[in-house]
Amino acid sequence: MGQFQWNRCWLCLQVVLSALATVCLSQDSTDTIMFLNPPEVPESACPIQVQYSCREPSVVHLQGLVFFNTGSTLVIFHRWWRCMPGPLRIKLIILHFPDWLVYHPDWSIQVSSGVLTCLLRGLVSRGAAAEPDRSSFARTLVPLKVLSPLSRPFKQHLLCLRWDTEMRWKVFGDRWQCPKENEVATLLSSLYGSTGEHFGITKTLQPYRNEMLEGLRLKAISYPWCAFSVWVLLEEPCRDHLCGLLHHVDSQENYATPSMFLTRSGQIHVQLQGENGLSSAFLSSLSLPLGLWCLINLELKGRMGNITVACIDGQEDPLVYSTEHIFSIAVKLDDTNGYFVVGGGKFVKGIKGFYGPTMYYRSRIPSLNLPDLQIPQLVRMVNVSGWFQTCKEFKLEVDHKIADTCRAVTAKRAESSIDVYTALILKNDPGSTRAECSSSEPLSKPRRRMVAQMIKILYDKYGTVDPAAVGRALYAAVLRKLITHGSVEVINRLMPPLLQAGCLGDNRALHLSSAFYSSGLAKKQPYKAWQLSLLAAQKDWRLALLRLGHLHHVGGQGVPPDHDLSYAYYSNIAKQTSSDRLRPSSKQTFVESIFLNDEDTLKAQTNENDDIFHWLKLQARNGVADAEQAVARMLFWGQQGVTSDIQTAVRHYERGATRLQDPVSMYDYAIVLLTGQGVPQDVPKAVTFLKKAMEQGFAPAITALGWYYEQFERNYERAAELWEQADLLGNPDAAMNLGVLHLQGLYPGQPVDKVKAYKYFLKSAQRGHLNGGIELAEIWSLGIPGYVARHPSGAVLWAKWASEQNGYLGTVLRKGLKAYLKGNWFMAMIYYLMSAECGLAAAQFNMAFLCEHNQGGSLNPAFVTQCMLRYYNLSIQSQDPASYALVKMGDLFYEEHTWGKRDLSDAAEMYKEAALRNDPQGWYSLGLLVQEGERLPATLLSELNLLQHYFSDKLTILTTLYQRCRDSNSDEAHLPCTLALLASHLQSIHTFGCSTVKLLSAVAVAVATLSFFRIIPAILRQRSASSQQNSAPSDARQPTEQEESSGV
């Protein structure tokens, strides 16, 4: 038993013995002493009545004792007086406990750390000394409750503070005194949909800043007294040996106290770590049920552990099970060593289901009121279990309808081939067969008729049908109706079949429904949107994982930001993005961040039948290497509107490699030969082309050749040599591969070195390597003890960056762009909405842009405003926001669209950000604010490098802003900025000039303006004609090789 527990037991023994002695002495003599009104807790000035008597002349002693966890005792006060023989007497004493025992710590009162308890002791002794002797003939002891220092009241000080102390107190307030710290750690405050893979929520805990709490924590390491609680909903049984519920991993990557897992049988496996690396474990006697929210509560009381499981099934009382176990070892729990994981982690997979709020009570065990236990409010609001129940009933109806359709079709076929006798029997007894049964009647309801129709159509067409096929058919039917109607009015009517498709397993339907509910195109229901995304993400649907990663990254709609939870989703889709790239298909498209206000990029979009693509193919046939590379890249990755065609792309790679001896084409062709993508694998031929490209100094070819030596010949020395060479040339793949060698201990002559691996991963990620970003994010999410601190926010950004390169997201973006280019504004909005909810800044911008322009006026004006506010605001939170979005957000702040009033300071901030990106509209809008009398703050002017004009007059600032606007090198902005500048000059002259100067200036401005309007159109026409002449290919002659290269 620890020193802390020994001191507590010894103190209790002293109290008991003293009480027994008091009883015995009071029976043998008339000496008595008693406290009539003892306080419950220490107080500053506490009146207490002492009743006493003595048989002989004696001394009455009254003491206050404080016992510390170090074993020491402190006498905080001692009062005494003489007692003469006689009857019982009562004396009133005013006790003064010290401030450090009564009040909250502050600038004057120190922290009282390590206090176990406080006792009032009264004694009657025969000695005449001021100190009580051992021969006390009467005594009494009263324990007082000592409150936690942070739970005590503050003292109202009457003394004057020193000037510096007072200023620090005013500035820092509570932060300068003892910090308030929560002894309850929230490991998961929200909901997490687990796919049953190696992904989960990682949390680390820090030592207490408060000395008293930290001292208690350190002493409890060898004798933990704490509790863990986690809510889970198990959808499928654990398929592995163990599945993670909540586990603790120490800095040496060993399982620490506590680690809870689920077994194949559904039992809970609890493992704890003791001293010297010893471990102890036990199994619960119960199995977790499927489809119910269950609270798992683990209590650790030294060497004893108790696990309680309470499962809630609807309105019935909770189903409660409990298991207690005494460990054979001394349990050790250091919660600041390593990290905790909710769900799956590096060494174990999670469950297939959902995790709810998870708490860790670091220094206490809360009481559980099991009869009144309720599911947490957040879990009830999202109501995943309610969806499962409703969906289960609907699936049963669909199964019955499918069976009835099968029987009806079979009976119909049989009737067409039966004899006369059987036909007569059926005619007289129609009940002997049936086309439909009563179980199919619910599908005749208006909201479910489409399901019945789909079942009939699929069965007639294929002769068989299953619920998943019905779900896919429903989703396709909903999309057709959206395209046909092309209006938002139809969305609410299509939500039932869309939800039914999701229930039947179509995750696309779940994601689209979630986007509709979240954006407000359907009736706005944030929790419903969250529920549907959770359901799709738990099934590993890529876009739903992206949406939840984004939702928990930025927060909003009642969801607080949580970087660790966001990373759990992003790390999943990032790993899928990496593996998807190794399996290119027609379902994937290269992600291109194209903004709908970028006319030049929109004009560059092409397809297989477009003139631009045909021109590039002509250039490629004529031997232009850049054109060959461009055509092959478009076809392989599906870029710039071209449909992916890997086989054709490979032929272009081959032609560039063999005919043109182009190092880029030789490299690309060698890679597809090595991997067998679109062509039979041919390793020797691939190595030949790689060596040729390497001879031309092409760094990617050097890296690929090193990969060949590592993978095919296991020659790590040669591989490392080539990768070091390519790394010096700045190749991201080389840095990535060197990081892997150091991480796995495969670098020749060197042991495992995580720090070196981290440096190479960082270098690779900064060069734009997808896997480098993923590995860097993983290191930042966990940290390297003693070398690399955890950086959850940075881990999220890198995982997000990798996730947003997923080819399936690119396909949705491409569909939106194609719809927009074809003039189908409504479907463009639908596809961009699906992408915008995933957090991609370009899609968010395009969604807001489409709402702003509101083609056909089909959107409600209130929705247009909210749509612009939400999606422009989300888009500017990216690392490189579009200046157009910044200006639009400034306009929305200016036009009273936020919080019902103008917010000119936020508007100026948005315009400033746009101006810093040299957007003329930003400068122009700032000028309008100044013109309306708004004074720009000094910090804003400083960022614009205009601080010298802070005390200047309004006209000077206006002139400066409009000059910056005019000088922004924008043809479109030149005219309005110049006119605004002329107007400000004219206003300045009218304000400060004499009448003659005003007249001459007015004439000069008029002449200049008229000349301006005549000259500018001529210049623009000349530029337009020149650009058309330069862009049109000549039919009179074949272009030269140099011209062909420039054309590409």
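Look above for the structure.
Our subject in this report is the structure included herewith. For clarity, every value in this text was computed on a predicted model and none was experimentally measured. (Residues numbered from 1 in each chain as written. Predicted model: local features only at pLDDT ≥ 70, side-chain atom pairs only at ≥ 80, totals over all residues. Heavy atoms only, no water.)

1. Topic: the overall build of the protein
From N to C terminus, the protein includes 38 helices and 20 strands. In the protein, buried positions account for 48% of the 1048 residues. A sequence separation of at least 24 residues applies to 64% of the contacts in the protein between residues at least 6 apart. Of the roughly 50500 Å² that the protein leaves accessible, carbon and sulfur atoms contribute 53%. (Helix = DSSP H or I, 4+ residues; strand = E, 2+ residues; numbered from the N terminus. Buried < 20%, exposed > 50% of the residue type's maximum accessible area, 1.4 Å probe, protein only. Contact = heavy atoms within 4.5 Å. Areas by Shrake-Rupley, 256 points an atom, 1.4 Å probe, with all protein chains shown as cover.)

2. Regarding the side chain of Ser925
As for its position among the elements, Ser925 is in helix H33 (residues 920-931). Within the structure, the side chain of Ser925 is placed 2.9 Å from the backbone oxygen of Gln921, a separation counted as a polar contact. (Polar contact = N/O pair within 3.5 Å; in protein donor to acceptor, adjacent residues only side chain to side chain.)

3. Details of the side chain of Gln273
Relative to the helices and strands, Gln273 resides in strand S14 (residues 268-273). Assessed through its relative accessible area of 14%, Gln273 is described here as buried.

4. Focus: helix H14 (residues 563-581)
Helix length check: H14 (19 residues) gives 26 Å between terminal C-alpha atoms against 27 Å at 1.5 Å per residue, within 8%. Of all the 19 residues making up H14, 15 are buried; the element is thus mostly covered by neighbouring parts of the structure. Of the residues flanking the start of H14, the one acting as N-cap is Asp562, its side-chain oxygen 3.2 Å from the backbone nitrogen of Asp564. (Expected span 1.5 Å × (residues − 1).)

5. A look at the packing of aromatic side chains
Taken as a whole and judged by the stated rule, the model has 26 aromatic pairs. The interplanar angle of 50° and the centroid separation of 5.7 Å between the aromatic rings of Tyr924 and Tyr962 together place this pair among those described as tilted. Separated by 38 residues along the polypeptide, Tyr924 in helix H33 and Tyr962 in helix H35 (residues 954-966) bring together distant segments of the chain. What links up through ring pairs into an aromatic cluster is the set Phe595, Phe845, Phe849, Tyr872 and Tyr884. Positioned over the ring face of Tyr208 is Arg362, at 4.4 Å from the centre of the ring. A cation sits over an aromatic face here: Arg542 above Tyr808, 4.1 Å from the ring centre. (Phe/Tyr/Trp six-rings, centres within 6.5 Å; stacked < 30°, edge-to-face > 60°. Lys NZ or Arg CZ within 6 Å of the ring centre and 35° of its normal.)

6. Quick notes on the state of the cysteines
One pass over the full model with this rule turns up six disulfides. Disulfide partner of Cys391: Cys503, at an S-S distance of 1.9 Å. Note on the Cys391 and Cys503 pair: the S-S dihedral is about 105°, so by sign convention the disulfide is right-handed. Of this pair, Cys391 sits in helix H6 (residues 384-415) while Cys503 sits in helix H10 (residues 491-503); the two residues are 112 residues apart in sequence, bridging distant segments of the chain. What makes Cys391 buried here is its relative accessible area of 8%. If you count the bonded cysteines of the protein from the N-terminus, they pair up as 1-2, 3-4, 5-6, 7-8, 9-10, 11-12. (Disulfide = S-S within 2.5 Å.)

7. Some details on the sheet that holds strand S10 (residues 200-203)
As summarised here, the arrangement of the six strands in space is S10-S19-S12-S13-S14-S15, forming an open sheet in which the pairing is antiparallel. On the outer flanks of this sheet lie S10 and strand S15 (279-283), each paired with one strand and no other. Pairwise comparison of adjacent strand axes, ignoring direction, gives a mean angle of 15° for this sheet. (Pairing = 2+ DSSP bridges. Axes fitted to C-alpha atoms, helices over the stretch in contact; angles between N-to-C directions.)

8. Details of a nonpolar patch on the surface
Together, Met34, Leu36 and Ile90 make up an exposed nonpolar region whose accessible area comes to about 270 Å². In this fold, Ile90 is placed in strand S5 (residues 89-95). On the basis of relative accessible area, Ile90 is assigned to the exposed category, the value being 53%. (Patch = residues over 30% accessible without salt bridge, like charges linked within 9 Å, V, L, I, M, F, W, Y side chains within 5 Å. Salt bridge = Lys/Arg side-chain N within 4 Å of Asp/Glu carboxyl O.)

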